[in-house]
Amino acid sequence: MRDLISKADVLLEALPYLLRFRGKTFVVKYGGSFMDSPDPAVRTGVARDLVFLAAAGIFPVVVHGGGKAITRAMEQSGLKASFVQGLRVTDEATMGVVEHVLSREINPEIVAAINQHGGKAKGFSGAEIFTARKLWLQDAAGAPLDAGFLGEVAAVKTDSVLACLREGATPVSSPTARGEDGRLYNCNADTAAAHLAIALSACRLIFMSDVPGVLRDPKDPSTVIPHLSADEARELKKSGIIDKGMIPKIEAALAALRAGVEKVSFVDGRVPHSILQEIFTREGIGTELIP
């Protein structure tokens, strides 16, 4: 009986959030080592959570990465992965691998997982949604760095995404984009997710990764910061506490907040049902970033 009451309490705790978020759009940056797990249940667990969101009346929109799979495929092709400021340097050969892995392997797998759990999903190459311009990086002295076919999102075409949502399906997009020169560009998935959240006037943006949130000490997973304001995040970045791969996430999150997204969450994709815990419980999980 206590077990049954406890389960009822969980449902009742979720009720105000179910009422509040019904009809809202949530953009989820789908990524992390769970995608590489040999256990199918682990690989598809997040897909089941996305089906739950849709069943609860929330409109989930997915932008996925594929960093580890891309790096593996590059190694198999004899290519060496190189990163600058947390972003992948992308020459022509690398771009071919990126597009193949994202659009022909990872995207169909996520779509299939959502459908297998009773949901309805539709896959998109990012080039159908995002347009890009070439991204020039700068070194410590301010000199330009050419990162090849690395792009930054210049515009978002939402028609196909909105049509997909009207059909009751979950859009699943890769982060590639088409440049004005007609070439494909590799865009950072965190940044692409933020741009899509802004274009859709999303209520929430959720980043999944392999860390439990924003850490006060990057070497200590127990130092998760549960609540973080935009100003505090900027200070942590300035002090060097936020660095490497977390930099694009924080910059994307701050841009989303400035544009009107209500809250950005950073959750650990390795934790079962981390998205549901973040959305439907009082304590949440990971780090929430607010204006």
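Located above this text is the structure these notes cover.
Residues numbered from 1 in each chain as written. Predicted model: local features only at pLDDT ≥ 70, side-chain atom pairs only at ≥ 80, totals over all residues. Heavy atoms only, no water.

Quick look at unusual backbone geometry
Let me state the cut-off plainly: Where helices and strands are cited, they refer to DSSP runs of H or I of at least four residues and of E of at least two residues respectively, numbered from the N terminus. Between buried and exposed lies partly exposed: a residue is buried under 20% and exposed over 50% of the maximum accessible area for its type, with that area taken using a 1.4 Å probe on protein chains only.
Unusually for a residue other than glycine, serine 201 sits at a positive phi of about 55°. Even without glycine at this site, histidine 273 takes up a positive phi of about 60°. Examined against the element boundaries, histidine 273 turns out to sit in the loop between strand S13 (263-268) and helix H9 (274-280). What makes histidine 273 partly exposed here is its relative accessible area of 35%.

Some thoughts on the layout of surface pockets
We apply this condition: A 1.4 Å probe that fits into a set of points on a 1 Å grid over the protein atoms alone but cannot get out defines a cavity; an open set with protein on both sides within 12 Å along at least five of seven lines defines a pocket, and lining residues are those with an atom within 4 Å of a point. Grid points are joined across faces, edges and corners, and a volume is the space filled by probe spheres set on the points. For this classification, Asp, Glu, Lys and Arg are treated as charged, while Ala, Val, Leu, Ile, Met, Phe, Trp, Tyr, Cys and Pro are nonpolar and the rest, including Gly, are polar.
When its volume is computed, the largest pocket comes out at roughly 1200 Å³. For the lining of the largest pocket, the element with the highest residue contribution is helix H4 (residues 92-116), accounting for 7 residues. Residues belonging to the lining of the largest pocket are distributed by class as follows: 25 nonpolar, 12 polar and 12 charged. In this structure, the second largest pocket encloses a volume near 400 Å³.

Let's talk about the environment of proline 226
Under the convention used in this document: Any two residues whose heavy atoms approach within 4.5 Å at even a single point are treated as in contact.
Here proline 226 lies in the loop between strand S11 (204-209) and strand S12 (227-229). Residue proline 226 is classed as partly exposed on the basis of its relative accessible area, which comes to 46%. For the pair proline 226 and alanine 81, spaced 145 residues apart in sequence, the C-alpha separation works out to 33 Å. If we skip the residues at most four places from it in the chain, proline 226 touches Gly286, Thr287 and Glu288.

A closer look at the sheet that holds S13
So the rule is basically this: Any two strands are treated as partners once DSSP identifies two or more bridges connecting them. Axes, fitted as lines to C-alpha atoms, cover a helix only where it is in contact. Angles between the N-to-C directions of the axes lie from 0 to 180 degrees.
Read from one edge of the open sheet, 8 strands run S5-S8-S2-S1-S11-S13-S14-S12, paired in mixed fashion. Every interior strand has two partners, whereas the edge strands, strand S5 (121-124) and S12, have only one. This sheet shows a mean twist of 20° between the axes of neighbouring strands, independent of strand direction. Each of strand S1 (25-30), S11, S13 and strand S14 (287-290) is contacted by helix H8 (residues 246-258), which is oriented at about 155° to S13, the strand it contacts most.

Points about the side chain of aspartate 190
Using the following cut-off: In protein, a polar contact requires one atom able to donate a hydrogen and another able to accept it; more generally it is a pair of N or O atoms within 3.5 Å, and residues adjacent in sequence count only if both atoms are side-chain atoms.
The topology assignment puts aspartate 190 in helix H6 (residues 189-199). On the accessibility criterion, aspartate 190 (3% relative accessible area) is buried. A distance of 3.2 Å separates polar atoms of two side chains, one belonging to aspartate 190 and the other to lysine 249. Filtering out sequence-adjacent residues up to four positions away, aspartate 190 remains in contact with Lys29, Phe207, Pro248, Lys249 and Ala252.

Topic: the sheet that holds strand S7 (residues 144-156)
As summarised here, the arrangement of the 4 strands in space is S6-S7-S10-S9, forming a closed barrel in which the pairing is mixed. Looking at each pair of strands side by side, their axes are set apart by 65° on average, direction ignored. Pairing of strand S6 (residues 130-138) with strand S9 (residues 176-179), which is carried by 2 bridges, proceeds in the parallel orientation. Each bridged residue has a counterpart across the sheet, and for threonine 131 the counterpart in S9 is arginine 178. Running over the sheet, H4 touches S7, S9 and strand S10 (184-187) and is turned about 75° from S10.

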